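Chain residues, written in single-letter form:
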Amino acid sequence: MSVSSAMEENPPKVNKWDGNALKNALDDAVKDVLLSHFSYIESHKLLDGRLMISSVAVGFSIFALVWDWLYPFPQSSRSVMLVCVVVYFVMMGVLTWYTTYLECGIFCTALNKDVAGIDPDQIWNASSSLKRFDNKYHLCLSQRTGGSGRPKEARTVLTVENYFDETGKLLYASVAKEVLRLYSDLDSKKN
Amino acid sequence: MFQMDFLDDIRRMNCRQIFYQFLNFAMIVSSALMIWKGLMVVTGSESPIVVVLSGSMEPAFHRGDLLFLTNYEQEPIRAGEIVVFKVEGRDIPIVHRVMKVHEKEDGAVKFLTKGDNNNVDDRGLYANGQAWLNRKDVVGRARGYVPFIGIVTIIMNDYPKFKYAVLAGLGVFVLIHRE
């Protein structure tokens, strides 16, 4: 039924004491399950938004650097510097708002495109959080029908040590089982 | 075995995420740059924070002290103030005290400086034939200071290999560390 993915054949090994590495490995595994078990397409819109905001901010900073080099302070460059600095920090604020409110932990968006092209896409969002020094990985899968639908959500909490062996290798099969269970939970839930 | 683990993290990233790692690094550098430029704008000085390099202002300032400068045009330069100035032709700024001031009605000033710990005034340091400093030579006026911290900058400048090693190490760490 499902094609065996590269990650399934060769699950990653991480430093099991590094919480950040564990979360990243679990996120990658969940994303891999979602994309390889179903023929969903990944949507990069969220990450693209973040890249766009950061690029604009860095662009302004590079512009300030070049301008200052061409027209050394203080003659005439003061207002340009002021604008660049203010815009840069405003962009940083926008980025923080974006990551906190718009993204909120979503690391994967998969689209279930309708074959006939008539119905709007089903959008699946996977988000997760793992507190520092904690071993509870909170995973939330949400499904929304594109456009207007209210999202249906299913959450689960995974105890991190059950999904890695002693050497730090990811136990892909256990993760896949959890993800598929969440998926069928969501699918069967009537609105 | 431990070296390969974190490189694994990189291999699993797709090109968007790799681009984001570089952007992350660029944002950290840009934040430092923007804070510096912001300080330049607010204080009006081209170098708002300087490190004292010599002992010519002891016992007020010692080698390695950090000085905070402002350079507001409206504030006149008066005798007794500590100024940081650059002599034409040399790019290292000097921190000394103003001894004598001549001021014309239109606001043009010329002044003479001397280090507290020096026996003679700075005429020997000025450019050939120059006997007085002008407003445009001033980088800023010292407003506040933090002792000792500037020693790090002095060490980094004396041992540039150490500086590059630290910067390279930090850069690599930021590029490789995910989120």
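Note that the structure is a prediction, hence the values are computed from the model and not measured.

Novice: I'd like to hear about the interface of chain A and chain B, residue by residue, with values.
Specialist: When the parts of a complex come together, some accessible area is lost, and that lost area is often taken as the interface size. Counting residues at the interface gives 32 residues for chain A, matched by 27 residues for chain B. For the pairing of chain A and chain B, the buried interface totals around 2,800 Å² over both sides, and the portion due to carbon and sulfur atoms is 61%. On the surface where chain A and chain B come into contact, there are two salt bridges. As a salt-bridge pair, K37(B) and D68(A) come within 3.1 Å of each other at their nearest N and O atoms. The interface formed by chain A and chain B contains eight residue pairs in polar contact (both at pLDDT 80 or more). Those elements that place two or more of their residues in the side of chain A that touches chain B are α2 (19–37), α3 (45–70) and α4 (78–103) of chain A. Its residues assigned to classes, the side of chain A that touches chain B comprises 18 nonpolar, seven polar and seven charged.

Novice: Can you break down a nonpolar patch on the surface residue by residue, with the values?
Specialist: Residue and element names in this part refer to chain B. Among the surface-exposed residues, F148, I151, I155, Y159, F162, Y164, V166, L167 and L170 lie close enough to one another that they form a single nonpolar patch of about 940 Å² accessible area. Those elements giving two or more residues to the nonpolar patch turn out to be α3 (151–158) and α4 (160–176). Counting residues per element, the nonpolar patch draws most heavily on α4, which supplies five residues.

Novice: Which residues make up the pairing of strand β2 (residues 66–70) of chain B, and what values do they have?
Specialist: Residues and elements named next belong to chain B. Counting buried residues in β2 gives four out of five residues, a clear majority hidden from the surface. As paired strands, β2 and strand β7 (residues 138–146) are joined by five bridges and run antiparallel to one another. When the sheet's bridge partners are listed, L66 is paired in β7 with V146.

Novice: Tell me about the UniProt feature "transmembrane region" (unreviewed entry) in chain A, and please be specific about residues and values.
Specialist: The UniProt record annotates "transmembrane region" (unreviewed entry) at residues 51–71 and 80–98 of chain A. For residues 51–71 of chain A, the end-to-end C-alpha separation is 30 Å, with 95% helix and 0% strand making up the annotated structure.

Novice: So what about the pattern of salt bridges? Which residues, and what values?
Specialist: Tallied over the entire structure, the rule returns 14 salt bridges over all chains. Among the ionic pairs, D27(A) bridges to K23(A), the shortest N-O distance being 3.0 Å. Taken together, the residues D27(A) and K23(A), both in helix α2 and four residues apart, mark about one turn of the helix. In this structure, a network of salt bridges that share partners links the residues E75(B), E81(B), R141(B) and R143(B).

Novice: Explain the pairing of strand β2 (residues 106–112) of chain A to me, using residue names and the numbers behind them.
Specialist: Residues and elements named next belong to chain A. Burial of β2 is extensive: six of the seven residues sit out of reach of the surface. Examined bridge by bridge, strand β1 (residues 41–42) and β2 share two bridges and lie antiparallel to one another. Paired with E42 across the two strands is A110, which belongs to β2. Examined bridge by bridge, β2 and strand β3 (residues 122–130) share six bridges and lie antiparallel to one another. In the strand pairing of β3, A110 is matched with W124.

Novice: I'd love a proper account of the sheet that holds β1(A), names of residues and values included.
Specialist: Across a sheet, strands are paired by hydrogen bonds formed along the backbone, either parallel or antiparallel in direction. Residue and element names in this part refer to chain A. Strands sit in the order β1-β2-β3-β4-β5 across an open sheet of five strands; the sheet is antiparallel. Each edge of the sheet is formed by a strand with only one pairing partner; in this case those strands are β1 and β5 (152–159). Across the sheet, helix α5 (residues 172–188) touches β3, β4 (136–145) and β5, and the angle it forms with β5 is around 155°.

Rules used in this analysis
Just so you know, the residues in each chain are numbered from 1, in the order the chain's sequence is written. Labels follow written order: the first chain is A, the first ligand is 1, and so on. Local features are withheld for residues below a pLDDT of 70 in this predicted model, meaning they are given only at 70 or higher, and side-chain atom pairs are given and counted only at 80 or more; totals for whole chains, interfaces and linings count all residues. The side-chain values count all of the structure's non-hydrogen atoms but skip hydrogen atoms and water molecules. By definition, residues are in contact when any of their heavy atoms lie within 4.5 Å. When two parts are put together, the accessible area they lose, computed with a 1.4 Å probe and summed over both, is reported as buried area. The salt bridge criterion pairs a side-chain nitrogen of Lys or Arg with a carboxyl oxygen of Asp or Glu, the two atoms within 4 Å. Here a polar contact is taken to be a pair of N or O atoms separated by no more than 3.5 Å, where protein atoms must pair a possible hydrogen donor with a possible acceptor and residues adjacent in sequence count only if both atoms sit in side chains. Helix and strand definitions follow DSSP, with helices as H or I runs of at least four residues and strands as E runs of at least two, each counted in order from the N terminus. Each residue gets one of three labels, nonpolar for Ala, Val, Leu, Ile, Met, Phe, Trp, Tyr, Cys and Pro, charged for Asp, Glu, Lys and Arg, and polar for the others, Gly among them. Residues enter patches when they are more than 30% accessible in relative terms and free of salt bridges; like-charged ones are connected within 9 Å and nonpolar ones (Val, Leu, Ile, Met, Phe, Trp, Tyr) within 5 Å. In this description, accessible areas are obtained by the Shrake-Rupley approach with a 1.4 Å probe, and a residue is regarded as covered only by the protein chains that are shown. Only protein chains enter the area calculation, which uses a 1.4 Å probe; residues under 20% of their type maximum are buried, those over 50% are exposed, and those in between are partly exposed. In this analysis, strands are considered paired if DSSP registers two or more bridges between them. UniProt positions are given in the numbering used here, feature names are shortened, and annotations may be inferred rather than shown by experiment. Only the contacting stretch of a helix is used when fitting its axis, a line to C-alpha atoms as for every element, and angles between N-to-C directions run 0 to 180 degrees.

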